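Chains, contacts and geometry: an overview
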Amino acid sequence: MKNTLARGLTNLLPMVLSIWLFWSLFISLDGLGQLLLNTLGAPFMFVGAGFMLVAVIVFLAGLLFSVSPIVWLYAWLERQLMKFPLFKSVYGSIRDIAGLMNRDGKPKTQKTVLVKQASGGYVVGFIMSDHTPQPLTDALPEGDWVPVLFQLSYQVAGITTLVKRDELINVDWSFEDAMRFNLTAGISTTKSNDVAKQKEISR
């Protein structure tokens, strides 16, 4: 009985949570679109009309940002707003995160590495950039330093540490799979190995 409930929970929970998150996002964007429609004086049509409006606006924005005058105007506006310290910190962080989701076909700079600890163990980390900001480079001892992210398990948060490149062990492992390994404290890899073993046995 207990194992059956645990098996059902293990299989259903990820699916239910994923659907709930996407549905919540859909409802939020649809509500925003419906608000815009109401502002324009349009009556309520159907659920999803607001979402479609937001999608069209985002698509049109993408088209506009392919036009040089619009890009120049937006860049000028961005530079003016970046003069405000608080806005610069918040906007800069959000912009960098958004940039990770859209690389425009460019190769990803994130690389999976191992970092040896004083206890002799190793920690999985990710080189987030090949360049260290100049103020940090000036303050650090001589060497090729790079920012390495150590992701915390079951959290979105992580710790960024500057490590010498020659002290890193490169791992031929995709960023997505390694990130999943860290986020689940190794459970995802264990499940993958179990599935592979079952396939071998069935053969």
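Calculation criteria
Residues numbered from 1 in each chain as written. Predicted model: local features only at pLDDT ≥ 70, side-chain atom pairs only at ≥ 80, totals over all residues. Heavy atoms only, no water. pLDDT = per-residue confidence, 0-100. Contact = heavy atoms within 4.5 Å. Helix = DSSP H or I, 4+ residues; strand = E, 2+ residues; numbered from the N terminus. Core = buried A, V, L, I, M, F, W, Y, C linked by side-chain atoms within 4.5 Å. Buried < 20%, exposed > 50% of the residue type's maximum accessible area, 1.4 Å probe, protein only. Pairing = 2+ DSSP bridges. Expected span 1.5 Å × (residues − 1). Arc of directions from axis to C-beta. Patch = residues over 30% accessible without salt bridge, like charges linked within 9 Å, V, L, I, M, F, W, Y side chains within 5 Å. Areas by Shrake-Rupley, 256 points an atom, 1.4 Å probe, with all protein chains shown as cover. Salt bridge = Lys/Arg side-chain N within 4 Å of Asp/Glu carboxyl O.

1. A closer look at the confidence of the model for the protein
When pLDDT drops low, the exact placement of atoms in the prediction is not to be read closely. Averaged over all residues, the pLDDT of the protein is 81; the fraction at 70 or higher stands at 85%. Below pLDDT 50 for its whole length, residues 195-202 participates in zero contacts with residues either more than four positions away or in separate chains.

2. Let's talk about the side chain of Gln34
Along the chain, Gln34 falls in helix H1 (residues 2-39). What Gln34 contacts, discounting residues up to four positions off in sequence, is Phe44, Phe46, Ala49 and Gly50.

3. Here's the deal with the nonpolar core
Grouped together as the largest cluster of nonpolar side chains are eight residues: Val113, Val115, Ile127, Val146, Val148, Phe150, Val163 and Leu168. For this core, the secondary structure elements donating two or more residues are strand S1 (111-116) and strand S3 (145-151). Here this core takes three residues from S3, the largest share from any one element. Ignoring anything within four residues of it in the chain, the contact list for Val148 reads Val113, Val115, Gly125, Phe126, Ile127, Ile159, Thr160, Thr161, Val163 and Leu168.

4. Thoughts on the pairing of S1
Pairing geometry for S1 and strand S2 (residues 122-127), over six bridges, is antiparallel. Bridging from a neighbouring strand, Lys116 pairs with Tyr122 of S2. What sits between S1 and S2 in their antiparallel hairpin is a turn of five residues, with Gly120 showing a positive phi close to 100°.

5. Section: helix H2 (residues 49-64)
In a regular helix each residue adds 1.5 Å, so 16 residues correspond to 22 Å; H2 covers 22 Å between its end C-alpha atoms and thus fits that length. Among the residues of H2, those classed as buried are Ala49, Gly50 and Val54. For H2, the angular spread of buried residues about the axis comes to 140°, placing them on one side. Those residues of H2 that are exposed and angled more than 90 degrees off the buried face are Val58 and Phe59. On its buried face, H2 is in contact with H1.

6. With respect to a nonpolar patch on the surface
On the surface, Trp72, Leu73, Trp76, Leu77, Leu81, Phe84 and Phe87 cluster together into a nonpolar patch covering about 720 Å² of accessible area. Ranked by residues supplied to the nonpolar patch, first place goes to helix H3 (residues 68-81) with five residues. Examined against the element boundaries, Leu73 turns out to sit in helix H3. When its relative accessible area of 46% is taken as the criterion, Leu73 is described as partly exposed.

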